[in-house]
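# Working through the structure, step by step
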Amino acid sequence: MAESSDITARDARTAAEFSADVMVEQIARVYAQAALDAADKQAQAAPLVAELESLASDVFDRLPQFEAVLASARIGYEEKAALIDKAFQRQGSPLLKNLLKVLARHGRLDCLRAIIRQARRLLDQRTGVVDVRLTTAAGIDPAVETAVAAALQQSLGGRPRLVHSVDPGLIGGAVLRIGDTVYDASVAAQLKQLRQQMIDRSAHEIQSRRDRFRHPAGN
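Now for the nonpolar core. The biggest cluster of nonpolar side chains holds 33 residues, and the ones touching the most others in it are Leu52, Leu100 and Leu112. Where this core is concerned, the elements lending two or more residues are helix H1 (2-40), helix H2 (45-60), helix H3 (64-71), helix H5 (94-105) and helix H6 (112-127). Apart from residues lying up to four places away in sequence, leucine 52 is in contact with Leu96, Leu99, Leu112, Ile116 and Ala119. Grouped together as the second largest cluster of nonpolar side chains are seven residues, Val132, Leu134, Ala149 and Ile178 included.

Right under this line is the structure:
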């Protein structure tokens, strides 16, 4: 009974965390859309997204304490606004600083990384960019990458943003991920599929023999 209660409690926590994550992404999408709309009026949507991504990778990843201060609910708007002005006095576009201050005023700087993710997704949708990840067992020639990107552009009807990585565990072949869809043409996947087919065939043969033993012909 105690174990059942623990499982129920864990499930409840997992559901609550999932619901909270969904809510954060929804809130982030609203702010990202508003930021891109404002940037579009100045033809600065792409630079703004690049600037936001740079903020996450070049500043927050290196100075997590700075990110923590901005996200803290214990620090008021005026102090955060002054910190933003000081930190971005020599760099940072007016659009970026304005967005950060809007988020500070509404207590949403803790959602900034989610807003950055949503801004990238929205910009990609608006510009017809499709994320494509190509994984091969060994390195490939840049000319091959270019040819793959060109072929994908024709079939996708959008501009592929191709990211290539190497995974020796694939043995051979390639894995192509387009958005949430995975096309696995690796040797490893083919071997796994062949092994499963052999297991299924053996199980079927064993079951057929059992059936013949239990129900001899004519009985």
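With that settled, consider the sheet that holds strand E3 (residues 174-178). The strand order E2-E1-E3-E4 describes an open sheet built from four strands, whose pairing is mixed. The sheet is open, and its two edges are formed by strand E2 (159-166) and strand E4 (181-184), each paired on a single side. Strand-to-strand, the axes of this sheet are offset by a mean angle of 15 degrees, without reference to chain direction. Sheet topology places E3 next to E4; four bridges connect them, and they run antiparallel. Paired with isoleucine 178 across the strands is threonine 181, a residue of E4.

For the coordinates displayed, the defined rule picks out one aromatic pair. Here phenylalanine 60 and phenylalanine 66 contribute two aromatic rings whose centre-to-centre distance is 6.1 Å and whose plane-to-plane angle is 50 degrees, an arrangement assigned as tilted. For the pair phenylalanine 60 and phenylalanine 66, one class covers both residues: buried.

Cut-offs and rules
- Residues numbered from 1 in each chain as written.
- Predicted model: local features only at pLDDT ≥ 70, side-chain atom pairs only at ≥ 80, totals over all residues.
- Heavy atoms only, no water.
- Core = buried A, V, L, I, M, F, W, Y, C linked by side-chain atoms within 4.5 Å.
- Buried < 20%, exposed > 50% of the residue type's maximum accessible area, 1.4 Å probe, protein only.
- Helix = DSSP H or I, 4+ residues; strand = E, 2+ residues; numbered from the N terminus.
- Contact = heavy atoms within 4.5 Å.
- Pairing = 2+ DSSP bridges.
- Axes fitted to C-alpha atoms, helices over the stretch in contact; angles between N-to-C directions.
- Phe/Tyr/Trp six-rings, centres within 6.5 Å; stacked < 30°, edge-to-face > 60°.

Note that every value here comes from positions in space, so none of it alone points to a role or purpose.
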